[in-house]
Number of protein chains: 2
Amino acid sequence: MSNRLTRILTAIAAMPPVIAGIIWLNDIMFFLVLLLLILGGTWEFYRFLTADGKPLLAFPVMTGAVLIPAGFFLGGTSGALFGLYIASAMVFVIKLFGKAPLDDTYEHLSVSMIAIMYYPFFMSFFIPLREIDFHWLFYLCAIIWFSDSFAYFIGVMFGKRKMYELISPKKSMEGLAGGFIGGITGAFLYAHFFMEISLVHVLISSVLLTGAGVVGDLVESMFKRKSGIKDSGTVFPGHGGILDRTDSIAFAAPVLYFYVMLAV
Amino acid sequence: MSNRLTRILTAIAAMPPVIAGIIWLNDIMFFLVLLLLILGGTWEFYRFLTADGKPLLAFPVMTGAVLIPAGFFLGGTSGALFGLYIASAMVFVIKLFGKAPLDDTYEHLSVSMIAIMYYPFFMSFFIPLREIDFHWLFYLCAIIWFSDSFAYFIGVMFGKRKMYELISPKKSMEGLAGGFIGGITGAFLYAHFFMEISLVHVLISSVLLTGAGVVGDLVESMFKRKSGIKDSGTVFPGHGGILDRTDSIAFAAPVLYFYVMLAV
C-alpha cells in the first residue's frame, strides 16, 4: 500500500479522536497532547540527524521542544520568544562550557538550532490558533486532508509528468494540481458549513496553506532521502511516524496563524 | 593596546553618539540605525562561518536579519515571530528548490539557521526595550560598560587565576569578579539617578545581565578562535568589528527584556 494512500486512511482513522480532542479537551490537556506530539516529532528528527552522522546537543533541543510550546501556552507570542531565546542561548552555553568547545563548534551549534526550529517552533502555532478559534484548526486539517486525498487520487488516475523526481519520485504535476483543487474544496466546504469568512479569504488562505503543506511534505522527503530513512518512526504501526503524518500541517500552521492575524 | 582596553576606550568614545541616538532619534531612525548594525554584525558572522569552511544560504540569512527587527518594529512580538517564521521557512524552501538539495543538506540548512538566530534575533530585542522605556537601554549599557571596565582594571591589577584559558586566555577569575562588581555598580548608579526600580530588581537584573554579557563575550571568543579570526571586522578602525563591540550586549538584551516583562 502506497505511502500516500496509507496517509489518507490514517487521516480518516485519526479524524474522530482528533476532532474530539480539539473540541472537548480543555486547554491544559490539549497542550499536553500537543507537547507529546512535538517531543515525539523532535525525537524523530533527532534520529534523522544522527542517521546522517550529525552530532547535536540533545538537552537544549529537548528544552526548546518543551519551552516553545509552553511559552506560547503560558505567555502568548512573548512567551514563545522567551522559549526560543532560552533554548537558543542554551545551545551556545552548553557548547561553550561542555567538553571540547572548539571541536565541530559550528556544526554542533547549528544542527542543534535547526532541531529546535524545524519542528517545535512550527508545530507550536497550533496553540495560538486554537486560542483564536478552534474552527481554524479544523479549517487547516480540512485543507491538508482534502489536498492530500485529491493529490493522491488524481495523481493515481492522471499522473504523467513528474513533479520533483529527485526528492519524491512518485508525485506528479497532475497530483499537485489535484492537491490545490482539493485544498480549495476542503476550505470552501468547511468555511461554508462552520465559519463566517469571506470567499476571497477562503481562496487566498487555502492556496497558501496547500502550498505550505506541499513544501512541508517535500522538505521532510528531502530529509528522509538524505538520511536514508524510509519512515520517520513507527508510532502509527505500519503507517510511519509523527513527522510523516504532520510534515505538511507543521509548515502550514504558522502560515494560517499569520494570515488570520494580518488579514482576517 | 589590549583588546579589552580598546573596548573600553571605544565605549567611552561611542557614548555621546549612542546616548544622543537613543534619546533623540525618532523610532524609524533608531530602527534603521539598529538595522544597519544587525546587517553588519550578521555579515561579520557570515565571514566567521565561511572562514571555517561552512557553506550557508546567504539570502534567507539576510532576509532574517531584516525581517526579525522589522517584525519587532512593525508588529511587536507577533511580528518578530513572523520574521522568524519567514526566514526559517525560506531556509528550507531555498535549499529544497536550489541546486543539489541532497548535498550537505543538514549542514547548509543548519548553518543558515544559526546565522539567523545568533545575532539578528538577539539584537532585535533593543526595539521592544526602547518601546517600554529608553532608560532600559541606558541601564543595559551602563551595566555592560561598567562591567567591562571593572573587569579590565581589576584583571590587570589583581588577575592571577585563569578564567577559561582555552577560549579567552587573557581573562582571569579576579577580572570576572570585578566584572560583576562593576555591573552591579553601574546598575545601582544608573537606577539611582534616572529610574525608579527597587533595589532587589537592580541587584538581580544586574547580576543576570553581567552574566549574560560574560557568556556573550566568551561565545564570540569561541567563534573567533574556531574560525582563526582576530577581529570580527574593521568597522571601527583599529578597534575590531561590530560583533567585537556588541557580543555582550546582544546576549544581555533579551535577558533584560524578559526580566522587565516577567518581574518588574
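Residues numbered from 1 in each chain as written. Chains lettered and ligands numbered in written order. Predicted model: local features only at pLDDT ≥ 70, side-chain atom pairs only at ≥ 80, totals over all residues. Heavy atoms only, no water.

**Some points on the overall build of chain A**
When helices and strands are tallied, chain A shows nine helices and two strands. Reading the secondary structure of chain A in the N-to-C direction produces α-α-α-α-α-α-β-β-α-α-α. By the compact-globule yardstick of 18 Å for 264 residues, chain A fits well, its C-alpha radius of gyration being 19 Å. With respect to the principal axes defined by its C-alpha atoms, chain A has extents near 55 × 40 × 30 Å. Long-range pairs, those at least 24 residues apart, make up 75% of the contacts in chain A between residues at least 6 apart in sequence. Summed over its atoms, the accessible surface of chain A is roughly 10700 Å², and 71% of this surface lies on carbon and sulfur atoms. Computing the positive centroid from 17 side-chain charges and the negative centroid from 17, chain A places the two 8 Å apart. (Helix = DSSP H or I, 4+ residues; strand = E, 2+ residues; numbered from the N terminus. Rg over C-alpha atoms; globule rule 2.2 N^0.38 Å. Contact = heavy atoms within 4.5 Å. Areas by Shrake-Rupley, 256 points an atom, 1.4 Å probe, with all protein chains shown as cover. Lys, Arg positive; Asp, Glu negative; His and termini not counted. Charge placed at Lys NZ, Arg CZ, Asp CG, Glu CD.)

**Observations regarding the interface of chain B and chain A**
Taken together, the contact pairs 55 residues of chain B with 55 residues of chain A. Summed over both sides, the interface of chain B with chain A buries roughly 4800 Å², with 83% coming from carbon and sulfur. On the surface where chain B and chain A come into contact, there are zero salt bridges. Counting residues per element, the side of chain B that touches chain A draws most heavily on helix 3 (residues 58-97) of chain B, which supplies 15 residues. Of the residues that constitute the side of chain B that touches chain A, the class distribution is 41 nonpolar, seven polar and seven charged. (Buried area = accessible area lost by both parts, 1.4 Å probe. Salt bridge = Lys/Arg side-chain N within 4 Å of Asp/Glu carboxyl O. Nonpolar A, V, L, I, M, F, W, Y, C, P; charged D, E, K, R; others polar.)

**Focus: the relation of the copies chain B and chain A**
The relation between the two chain copies is a rotation about an axis coupled with a shift along that axis. Here chain B sits on chain A after a turn of 180° about the axis and a move of 0.0 Å along it, with an RMSD of 0.0 Å. The two molecules are tied by a two-fold rotation axis, judged by turn and shift. Residue S110 of chain B of chain B places its C-alpha closer to the rotation axis than any other residue of that unit, at 2.3 Å. Of the interface residues in chain B, 100% have counterparts in chain A that sit at the interface too, so the contact is made through matching surfaces. (Least-squares fit on C-alpha atoms with pLDDT ≥ 70 in both.)

**Considering the side chain of S205 of chain A**
Residue and element names in this part refer to chain A. Looking at the secondary structure, you find S205 in helix 8 (residues 199-227). Given the relative accessible area of 3%, S205 is considered buried. Here S205 is in contact with Y139 and Y259, once residues within four sequence places are set aside. (Buried < 20%, exposed > 50% of the residue type's maximum accessible area, 1.4 Å probe, protein only.)

**Here we look at the pairing of strand 2 (residues 168-172) of chain A**
All names here are of chain A. As paired elements, strand 1 (residues 162-164) and strand 2 share two bridges and run antiparallel to each other. Following the sheet pairing, K162 is matched in strand 2 by S172. Counting the residues between successive antiparallel strands, the hairpin from strand 1 to strand 2 contains three residues. (Pairing = 2+ DSSP bridges.)

**A few points about the nonpolar core**
Grouped together as the largest cluster of nonpolar side chains are 167 residues, with contacts concentrated most on Y139 of chain A together with Y139 of chain B. Once residues lying within four places of it in the same chain are set aside, the contact partners of Y139 of chain A are A187, Y190, A191, M195, I197, H201, V202, S205, S206, L209 and L256 of chain A. (Core = buried A, V, L, I, M, F, W, Y, C linked by side-chain atoms within 4.5 Å.)

**Observations regarding the UniProt feature "transmembrane region" (unreviewed entry) in chain A**
Residues and elements named next belong to chain A. Taken from the UniProt record, the annotation "transmembrane region" (unreviewed entry) applies to residues 30-49, 109-128, 134-154, 175-193 and 199-219. In residues 109-128, helix accounts for 90% and strand for 0%; the two terminal C-alpha atoms are 29 Å from one another. As annotated, residues 175-193 comprises 100% helix and 0% strand, and the C-alpha atoms at either end are separated by 27 Å. (UniProt positions renumbered as here; feature names shortened; annotations may be inferred.)

**Re the packing of aromatic side chains**
All names here are of chain A. With the rule as written, the count across this model stands at 62 aromatic pairs over all chains. Aromatic side chains F72 and F125 sit 5.1 Å apart centroid to centroid with 65° between the ring planes, which places their arrangement in the edge-to-face category. Of the two residues, F72 is situated in helix 3 (residues 58-97) and F125 in the loop between helix 4 (105-123) and helix 5 (126-132); the sequence distance between them amounts to 53 residues. Across this residue pair, the class does not change: F72 and F125 are buried. It is R130 that lies over the ring of F30; its NZ or CZ is 4.2 Å from the centre. (Phe/Tyr/Trp six-rings, centres within 6.5 Å; stacked < 30°, edge-to-face > 60°. Lys NZ or Arg CZ within 6 Å of the ring centre and 35° of its normal.)

**Brief notes about helix 6 (residues 134-158) of chain A**
Compared with the 36 Å implied by 1.5 Å per residue over 25 residues, the 36 Å span of helix 6 of chain A between its first and last C-alpha is a close match. Where helix 6 of chain A begins, the capping side chain belongs to D133 of chain A, and its oxygen is found 2.9 Å from the backbone nitrogen of H135 of chain A. (Expected span 1.5 Å × (residues − 1). Polar contact = N/O pair within 3.5 Å; in protein donor to acceptor, adjacent residues only side chain to side chain.)

**Focus on the environment of S221 of chain A**
Relative to the elements of secondary structure, S221 of chain A occurs in helix 8. Setting aside anything within four residues of it in sequence, one finds S221 of chain A in contact with I167, S168 and K171 of chain A.

**Some words on the packing of helix 9 (residues 242-262) of chain A against helix 3 of chain B**
The contact between helix 9 of chain A and helix 3 of chain B brings their axes to 11 Å, and the two run at 145°. In this structure, helix 9 of chain A crosses over helix 3 of chain B, and the sense of that crossing is left-handed. On helix 3 of chain B, the residues that touch F251, P254, V255, Y257, F258, M261 and L262 of chain A of helix 9 of chain A are S78, L81, F82, Y85 and F92 of chain B. When grouped by side-chain class, the residues that make up the contact of helix 9 of chain A with helix 3 of chain B number eleven nonpolar, one polar and no charged. (Axes fitted to C-alpha atoms, helices over the stretch in contact; angles between N-to-C directions. Left-handed = near helix turned anticlockwise from the far one by under 90°.)

**Some remarks on the pattern of salt bridges**
Taken as a whole and judged by the stated rule, the model has ten salt bridges over all chains. The salt bridge partner of E174 of chain A is R161 of chain A, with a shortest N-O separation of 3.1 Å. Of the two residues, E174 of chain A is situated in helix 7 (residues 173-194) and R161 of chain A in the loop between helix 6 and strand 1; the sequence distance between them amounts to 13 residues. In this structure E174 of chain A comes out as buried when scored by relative accessible area, which is 14%. The partner of D244 of chain B in a salt bridge is K224 of chain B, with the nearest N and O atoms 2.7 Å apart. Remark: K224 of chain B occurs in helix 8 (residues 199-227) and D244 of chain B occurs in helix 9 (residues 242-262); sequence separation between them is 20 residues. On the accessibility criterion, D244 of chain B (2% relative accessible area) is buried. Among the residues examined, K224 of chain B registers a relative accessible area of 10% and is labelled buried.

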